Amino acid sequence: MPRVMDIQGHVAKLRTFWRRERRMPGYGEMLGLFGYQSKNAVFGALRKLEELGFLERKRGRAVATGRLTGTLRLLGAVQAGFPSPAEEELADTLSLDEFLIRRPEATFMLTVQGDSMIAAGIVPGDLVLVEKGGTPRPNDIVVAQVDDEWTLKYYMKDAEGVRLDPANPKYKSIRPKRSLVIGGIVKAVIRKYD
Amino acid sequence: MAEFPFTLQSYPRAIMHFDGDAFFAAVEQSIHPGLKGQPVVTGKERGIIACASYEAKALGISRGIALHDAIRMCPGLKVLPSDYETYSLYSKRMFDIARRYTPMVEEYSIDEGFADLTGLRRIHHTSYEEIALRFQADIRAELDITVSIGLSLTKSLAKLGSKFRKPRGFTAIPGPDIPGFLGQTPLEKVWGFGPNTVALLTKHGLKTAGDFASRPEGWAERLMGKVGRELWGELRGDSLYPVETEEKSSYCSISKCKTFTSPSSDPEFIWAKLVRNVESAFLKVRRHRLRARQLAVMLRRQDYRQDGLEIRLNRPVSMTRDALPGVRELFESLIERGAAYRATMVVLGKLESDAERQYDLFEDPVRIEKRAALGEAVDALNERYGKHTLSLAPSLFLGRHRKTDRDDQPQRKSALLSGETRRQRLHIPRLFLNV
C-alpha cells in the first residue's frame, strides 16, 4: 500500500504546537512532531501544507497562516476582506478548559457530597477539579485520607504539625493520628445552574 | 557456556518499555480509592475476568476465569464492569506524560508503550536510568497507578525487562549485561516467540534466549527467515525495530467484537449486534481513509464454540450499507435458530487506501458518489452528537435485550453529570469518593 501523507494529522499537530508555543516548530522539531526520519520528508509535507494554504513561505521560513492558527477564533467573521477588529484581539484567548486546568494529565473531577466546606463556597453537588501529584501549601483545599477516612478540608500547618480545617462550624478541625494521604489539591469548583 | 558480550557500549540506543501494572484494575482503584488494597476484578458485564488487581492475583484469580468461579474462590471479591472510557483517558495521559521526556513515544496498546530516550541525557541532565525512574514516579504521583519499566538497547530487550520484575518494577539491561540477562530468560518470554517457535527451537537444543542469541549469524535466518534474523539482532542489542511515533494508520485488518451482557438466542438481536459491530468497524475504516476488500463474520456460541465465514467483496467498500448484503448472507448461513450466542465479531481485511477511487464499467458513479456524500453526512452527525446517534434500523432491536442488571454499567455512565448524555461525557476521569 502506498504511504499516504496524513495532512490532517500534521495540521492538528502543528495547531497543538502553535497553541502551546505561540510559534512554528523548526525543521528538527517537525521531524519529531510528524514522526519522520528525514528532513526531506518534512520538506515535502511543508510544501503540501503550503499548497493547501496552511503555511506561507517568508524569507525561506515557514510561517503559519490564519488557516492554521485560526481555529480558536472563529467568532469574528471577515467581512469583504477586511479583518474584523475583534479578530486580532481574540488571537490570545484561552478556552475554558485551558483556563480551569493547569496540568491536564494530573487533573480529575470529583462530585462533592458533604457540606464540610460550605463556607468556602463548596456545596453538596458541586464538581471540583482536583490536581494530583503536587505538594499542598497552607490554605489549599485538599482531598485527603485521614486515618482511613476520606475528606475535603483546608490544609493547615502549625507548631503541632498538619491540621485539616473544615469551612463549616458544625465540624471540628482534625489532626491525622496514624496516616495522612493527600489525594489531590482542589484547583477549581464548577457549578451548573440548569 | 562462556558468555561473550555482544556489545560493550551501555546504551548506543536507549529504549524504554513501560507496561501498566494490572492496568484496568489499577485505574479502578485509582478512581475508587476505597478499593485500594482490596481484590478487584473488571469484566462484570462479560461474565469473565478481564483484569485482576494484584490483591486478587494473590488469591489465585487471573484473567480469563469465569466470574462465578472467581467469586466462589474469593467471596469478598470486588467485581466491576469495564469502564473503557476511563481506561482510555488514563492511557492517553500515560503517553502524554511519556512525551514530556521524549517526542518518540509509541502507543503499543492501551496499557503499554515504547519510548526512545537516545540522546536525551543532556537535556534532562541525568542518566537514562534516572529519566526512566522519573517517568515512573510521575505516573505514580499524577495518575495514582503504577507501571513496570524495562530499559535497554532495543524494543525486544526493553520488553523483556519490563516483564522481568512486576509490579512497580524497573529493570535496566545495558549492553554488557545482555548475555547474563538472556541466559536466565526462557525462550517463551521473548516477544515474537510463539508456542510453535519455542517448540522448534527446543528441538534444536535451545533452552534460553541466550542460547538463541549466541548462535552464529545466519542460523536464525535459516531456521525462521527474516523475523528470526531480526529477533536475533534485537536480542543482541542491535536496534532493528524503531519506535513508531506515527499514530497507527496502516492496518492489515480491522476487527470489532462485542460480547453480549448475557447470551441470547434472539436472531433479530444477534443481527442488530452484528450490524452495530459492522458500523463501528467501517467507522474506523473511514477514519483512516481506507476501504476493505474482504469481510469475515464470526458468531460465538454460549459454550465458546465459534463459527465463522469470510467473503471477498467484488469492489473495495468503505460504507456499512454497501457491505451489509454480504454480511446478511454470511449471517444467514452461520446462525442456527434456537442456539444461544454470546458474541458477534466482524473482521475487515485486505485494506487499501481510499485515496483514489476507480469505478467498474457497470457501476453508476453518480449513485456511488451520492452514497459517499450520505455516509459523510452520517459521520458528521455522529461526530457531533456521539457515536451511533444515527445508525441503521436493525439497531432498534438492540433494546430487546435490555440489560437486567444496572450494575453492569460503569459508574461514569450510570451517574451522569448534568449536561452529560448517554453518548457524551466530559473527557476527564471522575473520582468516586464520599467527601
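A. Spatial organisation of the overall build of chain A. Along chain A, the regular secondary structure elements total six helices and eight strands. Secondary structure elements of chain A, listed N to C terminal, follow the sequence α-α-α-β-β-α-α-α-β-β-β-β-β-β. Taken over 194 residues, chain A has a buried fraction of 38%. As presented, chain A carries roughly 11900 Å² of accessible surface, and 53% of it is formed by carbon and sulfur atoms.

B. Inspection of helix H12 (residues 267–287) of chain B at higher detail. Residues and elements named next belong to chain B. If you check H12, its first and last C-alpha atoms are 30 Å apart, about what 21 residues at 1.5 Å a residue would give, namely 30 Å. For H12, a buried count of 16 out of 21 residues is recorded, marking the element as mostly surrounded by other parts of the structure. Its side-chain oxygen 3.0 Å from the backbone nitrogen of glutamate 268, aspartate 266 forms the N-cap of H12.

C. A look at the packing of H12 of chain B against helix H13 (residues 320–334) of chain B. Residues and elements named next belong to chain B. Closest axis-to-axis distance for the H12/H13 pair is 11 Å, and the angle between their directions is 140°. When the axes of H12 and H13 are compared, the pair comes out oblique. For the pair H12 and H13, the crossing hand works out as right-handed. For the pair H12 and H13, the contacting residues are Pro267, Ile270, Trp271, Leu274, Val275, Val278, Glu279, Phe282 and Arg286 in the first and Thr320, Ala323, Leu324, Val327, Arg328 and Phe331 in the second.

D. View of the pairing of strand E1 (residues 15–20) of chain B. Residue and element names in this part refer to chain B. Within E1, six of the six residues are buried, which leaves it mostly tucked inside the rest of the structure. Judged by which residues are buried, E1 turns out to be covered on both faces: Ile15, His17 and Asp19 on one side and Met16, Phe18 and Gly20 on the other are all buried. Sheet topology note: the E1/strand E6 (residues 112–116) ladder contains five bridges and is antiparallel. Following the sheet pairing, histidine 17 is matched in E6 by phenylalanine 114. Where E1 and strand E7 (residues 147–152) come together, six bridges link them in antiparallel fashion. Within E7, the residue paired with methionine 16 across the bridge is leucine 151.

E. Here's a closer look at the side chain of aspartate 83 of chain B. Residue and element names in this part refer to chain B. Relative to the assigned elements, aspartate 83 resides in the loop between strand E4 (78–80) and helix H4 (84–101). An unpaired buried charge is present at aspartate 83: no salt bridge exists, and arginine 412, the closest side chain of opposite charge, is 4.7 Å distant. Once residues lying within four places of it in the same chain are set aside, the contact partners of aspartate 83 are Glu28, Ile31, Pro410 and Arg412.

Cut-offs used in this document
- Residues numbered from 1 in each chain as written.
- Chains lettered and ligands numbered in written order.
- Predicted model: local features only at pLDDT ≥ 70, side-chain atom pairs only at ≥ 80, totals over all residues.
- Heavy atoms only, no water.
- Helix = DSSP H or I, 4+ residues; strand = E, 2+ residues; numbered from the N terminus.
- Buried < 20%, exposed > 50% of the residue type's maximum accessible area, 1.4 Å probe, protein only.
- Areas by Shrake-Rupley, 256 points an atom, 1.4 Å probe, with all protein chains shown as cover.
- Expected span 1.5 Å × (residues − 1).
- Polar contact = N/O pair within 3.5 Å; in protein donor to acceptor, adjacent residues only side chain to side chain.
- Axes fitted to C-alpha atoms, helices over the stretch in contact; angles between N-to-C directions.
- Parallel < 35°, antiparallel > 145°, perpendicular 65-115°, else oblique.
- Left-handed = near helix turned anticlockwise from the far one by under 90°.
- Contact = heavy atoms within 4.5 Å.
- Pairing = 2+ DSSP bridges.
- Lys, Arg positive; Asp, Glu negative; His and termini not counted.
- Salt bridge = Lys/Arg side-chain N within 4 Å of Asp/Glu carboxyl O.

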